[in-house]
Every structure is written in C-alpha cells, then in structure tokens.
Amino acid sequence: MVKLAPSVIAADFGRLAEQMCAVEHAGADVVHFDAMDGCFVPNLSIGPMVLEAVRRATRLRIDAHLMIEAPERYIDAFAKAGADTIVVHVEATPHLHRAIEQIKHLGKLAGVAVNPGTPAFQLEAILGSVDQVLVMTVNPGFGGQRFIRPMLHKIEAVRRMIGSQAIELCVDGGVDAATARDAVSAGADVLVAGTAVFSHPNGVAAAIAQLRESASKH
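What counts and how
- Residues numbered from 1 in each chain as written.
- Predicted model: local features only at pLDDT ≥ 70, side-chain atom pairs only at ≥ 80, totals over all residues.
- Heavy atoms only, no water.
- Pairing = 2+ DSSP bridges.
- Helix = DSSP H or I, 4+ residues; strand = E, 2+ residues; numbered from the N terminus.
- Axes fitted to C-alpha atoms, helices over the stretch in contact; angles between N-to-C directions.
- Contact = heavy atoms within 4.5 Å.
- Parallel < 35°, antiparallel > 145°, perpendicular 65-115°, else oblique.
- Left-handed = near helix turned anticlockwise from the far one by under 90°.
- Nonpolar A, V, L, I, M, F, W, Y, C, P; charged D, E, K, R; others polar.
- Expected span 1.5 Å × (residues − 1).
- Core = buried A, V, L, I, M, F, W, Y, C linked by side-chain atoms within 4.5 Å.
- Buried < 20%, exposed > 50% of the residue type's maximum accessible area, 1.4 Å probe, protein only.
- Right-handed = clockwise from strand over helix to strand, strands pointing away.

Colleague: An account of the sheet that holds strand E3 (residues 61–67) is needed here, citing residue identities and associated values.
Modeller: A sheet is described by the order of its strands in space; here eight strands give the open sequence E1-E8-E7-E6-E5-E4-E3-E2, paired in parallel fashion. Both outer strands of the open sheet, strand E1 (3–6) and strand E2 (30–36), are each paired with one neighbouring strand and no more. Taken pair by pair, the neighbouring strands of this sheet meet at an average axis angle of 25°, ignoring direction. One ladder, built from five bridges, connects strand E4 (residues 85–89) with strand E5 (residues 109–114); its direction is parallel. Within E5, the position partnered with His-89 by the bridge is Ala-113. Along the sheet, helix H5 (residues 151–162) makes contact with E5, strand E6 (132–136) and strand E7 (168–172), crossing E7 at roughly 170°.

See below:
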C-alpha cells in the first residue's frame, strides 16, 4: 500500500505536537521533515531542535529531507535528533556517496533527492547504495506550489531504474487529491503532502482519508 507522509513544514507550529498526533491517529505512515538552509533553496526553515520535538510527539517514522548545501555538516545532528531516514540532494554535494555512507554509518536509512531540473540518469551511480529516491515535483523551497506534470515521466523513469530493488520511490511537491492518483500510477510508493493535509477545510483526518482514496484508484 502507498505510504502517506504529511510534511511538517505546512503544520501549525503553535500546535505542533497536537498536529503530529492528529496525522498519526488519522493513519499517516511517515512524517516528512523539510530542512532548508536559505542557500540551497530560497527559504530558511526548521532544524534539528524542531525535529527533536516532532520525535517526542510521534511514533511514526521521520524522514528528514535536507535541502541544505554540503549536508554532510548536519547529518549527524539530524540523526541524533531522531530522524529515521535522512535524504540528501544530488545537487547539494560533490561527495554524494560519502554523504550516503555517513548516513548509513549512523544506522539510518539513506535517501537521495532530485530537483525537477535534474535528469533521472544522475541517480545511476548511487542507486544501489540508497533506501529511498525522492523525486521533487515542484522546485523546492516553498509549500503550496502546483505539481509539475512533466515530472510524471521522471517518476516512471526512476521506477524503471529501481526495478526489483528494495528502494522506496517518494514523490514530493504539489501532491493533493487531484495529483496523488497520477503519482502512484507513475510508480510512487510514498506521497509527501503538506498544504493538502494541514490546510484541508475539513481537517487532517479528512485530508488523509481523501489522499488515501485517491491513491488507491490508480
């Protein structure tokens, strides 16, 4: 079954623990944690101290998505804070294999992310070393963006590259009830959704149910 991963960045930080409990009780599978440094992406967001608070509030797996230049500098801190999976960008470091090995040495699952402008073939050299590939379907840095539909072809290409390997294919950006089905049809295993979950007019539980229904119709 497709996993749903609400994105912390879209939550109400004044009610963070409450909202983490809400997504867990609503049946979410993963908590997605976006860390941005204001350099790799044009926004500055949350870091390890907030991840520690999220860790205390939920038993769900936490995927830390590091939109950070030279992520090697911070991998240890996010691991110590309680991340279960740490995802770094192909574009963020010239020493991608070293960063992946650093994550694994800390006993964490390792993921690699690609921006919309990065071709899928750049994953070939690292694919056998990771547990997750994250395909960005918006340009990273801000929530509430529209799903870039040509990225469906990239999701399909990455799905073919993965083949029978035990690697999750995660899709992040613009995922809502209207796009979830297409992302899953293209090959997604994990759907990251922020605004669609935390800004749903009927609340978190209704949002999770709607996404689950959409994903199941692929």
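Colleague: Describe in detail the packing of helix H1 (residues 16–25) against helix H2 (residues 48–57), supporting the description with residues and values.
Modeller: Each pair of packed helices can be described by the angle between their axes along with the distance between the axes. Remark: H1 packs on H2, axes separated minimally by 9 Å, with the N-to-C direction vectors making an angle of 50°. Taken together, the axes of H1 and H2 are oblique relative to one another. Crossing of H1 over H2 shows right-handed handedness. In contact with Leu-16, Ala-17, Met-20, Cys-21 and Glu-24 of H1, H2 contributes Val-50, Val-54 and Ala-57. For the contact of H1 with H2, a count of residues per class yields seven nonpolar, no polar and one charged.

Colleague: Before we move on, could you go through helix H8 (residues 204–215) and cite the residues and values that matter?
Modeller: With 12 residues, H8 extends 16 Å between its outermost C-alpha atoms, agreeing within 8% with the 16 Å of an ideal straight helix rising 1.5 Å per residue. Tucked into the core, H8 has its buried residues touching E1, H1, helix H6 (180–186), strand E8 (190–193) and helix H7 (195–198).

Colleague: Please give an account of the nonpolar core that cites residues and values.
Modeller: Among the nonpolar cores identified, the biggest contains 66 residues, and Met-20, Phe-33, Leu-66, Phe-78, Val-133, Leu-191 and Val-197 are the most heavily contacted of them. With sequence-adjacent residues up to four places away left out, Leu-191 is seen in contact with Val-2, Lys-3, Leu-4, Ala-5, Val-171, Val-175, Ala-180, Ala-183, Val-184 and Ala-215. Core analysis: the second largest hydrophobic core is formed by 10 residues, Val-87, Ala-113, Cys-170 and Val-190 among them.

Colleague: I'd like to hear about the pairing of E7, residue by residue, with values.
Modeller: Burial of E7 is extensive: five of the five residues sit out of reach of the surface. Burial along E7 is two-sided: Glu-168, Cys-170 and Asp-172 facing one way and Leu-169 and Val-171 facing the other are all buried. Pairing geometry for E7 and E8, over three bridges, is parallel. Within E8, the position partnered with Cys-170 by the bridge is Val-190. Taken together, E7, H6 and E8 constitute a β-α-β crossover, and its handedness is right-handed.

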